[in-house]
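Observations on chain architecture
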Amino acid sequence: MNEKLEIVKSELNTTTEIKDIWENPVVKFLSQFIPIPTGADSAIGKAFEIHQRKKQEQLFEIILEDDTITIDDVNDVDCIMEFSKTMEVVSRLIRNDKIKYLASLLKNSIKDKKRNIDEFEEWLSKFSTLSVREIELLNLLYETENQNMIKDNNGQIVFNRNESWKAFMNEAKSLYELNESDIISRMLGIMRTGFCICEWKANLSDTGIVVYTAPEYRDMLSKIQ
């Protein structure tokens, strides 16, 4: 009896929380094409349904929070497919931490009238494979690069790869309690996405590798911030 009562309470609370967002005209329109999860008639089934709906709610809230996305914006097949693919990724998330990034990526694609569908699909696929810690490590590397800018031989402002990598290693060791080998291993794993590049240092007096963010990552980052 207590278990059933807790389920009812949880369902009532969830219904109250998501009522407004599910009544949004854009959400109502998209709901015609995007399946809404339903759980089995059991405690774990209901809990699963609530968890999935909360993730969808969070995605919609971020995309629609400033009212810049309208039904006219989403009323085309490409946009509906982008929503559907993003929902598929969100449905597989164990944690909700990545939803804000996925929502920003989707929102920026919708708002871009000259959007590149292939680019969106590639970034969505690559980003979905990253763990939250991998995302944080990539962003930390990006931030340290921006803090170590120099002029190249052509007078262009670029980041100092060696100094940025050293600064990143020191910061990552402190923040994540990882040793140098662990950090290198994780960064090499992130290379699968193409968001960072690894090179051997050319200086014979300073052997080893240096990892730095790829232009593709910087392009994508502008769409998820």
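Let me begin by describing the structure that accompanies this report.

Conventions used here
Residues numbered from 1 in each chain as written. Predicted model: local features only at pLDDT ≥ 70, side-chain atom pairs only at ≥ 80, totals over all residues. Heavy atoms only, no water. Helix = DSSP H or I, 4+ residues; strand = E, 2+ residues; numbered from the N terminus. Buried < 20%, exposed > 50% of the residue type's maximum accessible area, 1.4 Å probe, protein only. Contact = heavy atoms within 4.5 Å. Areas by Shrake-Rupley, 256 points an atom, 1.4 Å probe, with all protein chains shown as cover. Core = buried A, V, L, I, M, F, W, Y, C linked by side-chain atoms within 4.5 Å. Disulfide = S-S within 2.5 Å. Patch = residues over 30% accessible without salt bridge, like charges linked within 9 Å, V, L, I, M, F, W, Y side chains within 5 Å. Salt bridge = Lys/Arg side-chain N within 4 Å of Asp/Glu carboxyl O. Lys, Arg positive; Asp, Glu negative; His and termini not counted. Charge placed at Lys NZ, Arg CZ, Asp CG, Glu CD. 1 Å grid on protein atoms, 1.4 Å probe; cavity = no way out; pocket = protein on both sides within 12 Å on 5 of 7 lines; lining within 4 Å. Points joined across faces, edges and corners; volume = space filled by probe spheres on them. Nonpolar A, V, L, I, M, F, W, Y, C, P; charged D, E, K, R; others polar. Arc of directions from axis to C-beta. Polar contact = N/O pair within 3.5 Å; in protein donor to acceptor, adjacent residues only side chain to side chain. Axes fitted to C-alpha atoms, helices over the stretch in contact; angles between N-to-C directions. Parallel < 35°, antiparallel > 145°, perpendicular 65-115°, else oblique.

Along the protein chain, the regular secondary structure elements total 11 helices and four strands. When the 225 residues of the protein chain are sorted by exposure, 39% land in the buried category. Look at the contacts in the protein chain between residues 6 or more apart in sequence, and 64% of them connect residues 24 or more apart. Only carbon and sulfur atoms are counted for the fraction: they give 49% of the accessible area of the protein chain, which is about 13,000 Å².

Ranked by size, the top nonpolar core spans 56 residues in total, and within it Leu-30, Phe-83, Trp-165, Phe-168 and Met-187 carry the most contacts. Filtering out sequence-adjacent residues up to four positions away, Phe-168 remains in contact with Leu-137, Leu-140, Leu-141, Thr-144, Ile-183 and Met-187.

Turning next to the state of the cysteines. Summed over the entire model, instances satisfying the criterion amount to zero disulfides. Summary of cysteine pairing: Cys-198 is not part of a disulfide, and the nearest cysteine sulfur, belonging to Cys-196, is at 8.1 Å.

On to the side chain of Thr-144. Examined against the element boundaries, Thr-144 turns out to sit in helix α8 (residues 132-146). With a relative accessible area of 4%, Thr-144 lands in the buried category. Not counting residues up to four positions away in its chain, the partners in contact with Thr-144 are Ser-164, Ala-167 and Phe-168.

A cluster of acidic residues, Asp-20, Glu-23, Glu-61 and Glu-65, forms a negative patch on the protein surface. Here Asp-20 lies in helix α1 (residues 2-22).

Looking now at the pattern of salt bridges. Inspection of every chain in the model, using the stated rule, returns 12 salt bridges. Of the charged contacts, one joins Asp-97 and Arg-95 as a salt bridge, the two residues approaching to 3.1 Å between their closest N and O atoms. A salt bridge links Glu-180 to Lys-173; the nearest nitrogen and oxygen atoms lie 3.9 Å apart.

Estimates place the volume of the largest pocket at around 160 Å³. Secondary-structure elements contributing two or more residues to the lining of the largest pocket are α9 (161-176) and α10 (180-190). For the lining of the largest pocket, the element with the most residues is α9, which contributes five residues. When the residues that make up the lining of the largest pocket are grouped by side-chain class, the tally is four nonpolar, two polar and four charged.

Our focus in this paragraph is α10. Residues three or four positions apart in an α-helix share a direction because the helix packs 3.6 residues into each turn. Taken residue by residue, α10 has Ile-183, Ile-184, Met-187 and Ile-190 as its buried positions. Taken down its axis, α10 places every buried residue within 120° of arc, on the same side. Taken together, the buried residues of α10 touch α8, α9, β3 (196-200) and β4 (209-213). Regarding α10, its N-cap is Asn-179, as a side-chain oxygen of that residue lies 3.1 Å from the backbone nitrogen of Ser-181 further along.

In the contact formed by helix α5 (residues 77-91) and helix α6 (residues 99-111), the axes pass within 11 Å of each other and the chain directions differ by 175°. Here α5 is positioned roughly antiparallel relative to α6, judged by the angle of their axes. Contacts between α5 and α6 pair Cys-79, Glu-82, Phe-83, Thr-86, Val-89 and Val-90 from the former with Ile-99, Leu-102, Leu-106, Ser-109 and Ile-110 from the latter. Tallied by class, the residues present in the contact of α5 with α6 amount to eight nonpolar, two polar and one charged.

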